[in-house]
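Here is what each chain is made of, one letter per residue.
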Amino acid sequence: MKHRASPLTALAFTTTLLWSTTALAQPLAPVDKTFLEQAAENGHAEVSAGRLALTKARNPKVRDFAQRMVDEHTKVGEELRTLAAAKQQELPTEPSMLQKGKEMIIAGLGDETFDRRYLNQMGVEAYKSAIPLYEKTALESRDPEVKAFASKHLPALREHLQTAQDLKVSVDQRPASTK
């Protein structure tokens, strides 16, 4: 014996299906979109400046830090792109114009001046601005996956800041151009 769905049952099923599909495809809140975009730009800036430091830094510890930033921010960037794709959000593919300008300025520096400015600008200053962005998102994001991403990566950002600060103190204490 075959059971046929009544038109009312079919309508209820269709309505439920449409509602659940719409609920899954809800657009991100503006605050979450902004976070994803800024996090992407920050990551691109870290990778780009890190690659520059790999060629220009004189201090081996600065080069080691730069390599670590390239590696870790590349990995986080891939995770961020996956999250954004799941949210149907396009991300910037490069640093912001301001970040590019800052990198151009340090690119023209030589000797230990480059090392100091790289650590200060792309280490200390960059993380001092990125950490509050991640903290705010970890607390206030409307999207649970965006909130989880920010929460997950906060400890590493704090550790990067501490490493950059410690390394900056070490580099600042070295006499300039003792070759």
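See the structure above.
A. Examining the packing of helix H2 (residues 30-56) against helix H6 (residues 144-173) more closely. Where H2 contacts H6, the axes come no closer than 11 Å and their chain directions differ by 40°. Here H6 runs oblique to H2, going by the angle between their axes. Pair H2 / H6 crosses with left-handed handedness. In this structure, H2 contributes Asp 32, Phe 35 and Leu 36 to the contact, and H6 contributes Val 146, Phe 149 and Ala 150. Residue composition of the contact of H2 with H6, by class: 5 nonpolar, no polar and 1 charged.

B. A look at the side chain of Glu 46. Here Glu 46 is to be found in helix H2. For the buried Glu 46, no salt bridge is present, and the opposite-charge side chain at shortest range is Lys 102, 10 Å distant. Only 3.5 Å separates the side chain of Glu 46 from the side chain of Tyr 127, close enough to count as a polar contact.

C. Local environment of the packing of H2 against helix H4 (residues 97-107). Packing of H2 against H4 leaves a shortest axis separation of 10 Å and a crossing angle of 10°. By the criterion of interaxial angle, the relationship of H2 to H4 is roughly parallel. Here H2 contributes Glu 41, Asn 42, Ala 45, Ser 48, Ala 49, Leu 52 and Lys 56 to the contact with H4, which in turn contributes Gln 99, Glu 103, Ile 106 and Ala 107.

What counts, and at which threshold
Residues numbered from 1 in each chain as written. Predicted model: local features only at pLDDT ≥ 70, side-chain atom pairs only at ≥ 80, totals over all residues. Heavy atoms only, no water. Axes fitted to C-alpha atoms, helices over the stretch in contact; angles between N-to-C directions. Helix = DSSP H or I, 4+ residues; strand = E, 2+ residues; numbered from the N terminus. Parallel < 35°, antiparallel > 145°, perpendicular 65-115°, else oblique. Left-handed = near helix turned anticlockwise from the far one by under 90°. Contact = heavy atoms within 4.5 Å. Nonpolar A, V, L, I, M, F, W, Y, C, P; charged D, E, K, R; others polar. Buried < 20%, exposed > 50% of the residue type's maximum accessible area, 1.4 Å probe, protein only. Lys, Arg positive; Asp, Glu negative; His and termini not counted. Salt bridge = Lys/Arg side-chain N within 4 Å of Asp/Glu carboxyl O. Polar contact = N/O pair within 3.5 Å; in protein donor to acceptor, adjacent residues only side chain to side chain.

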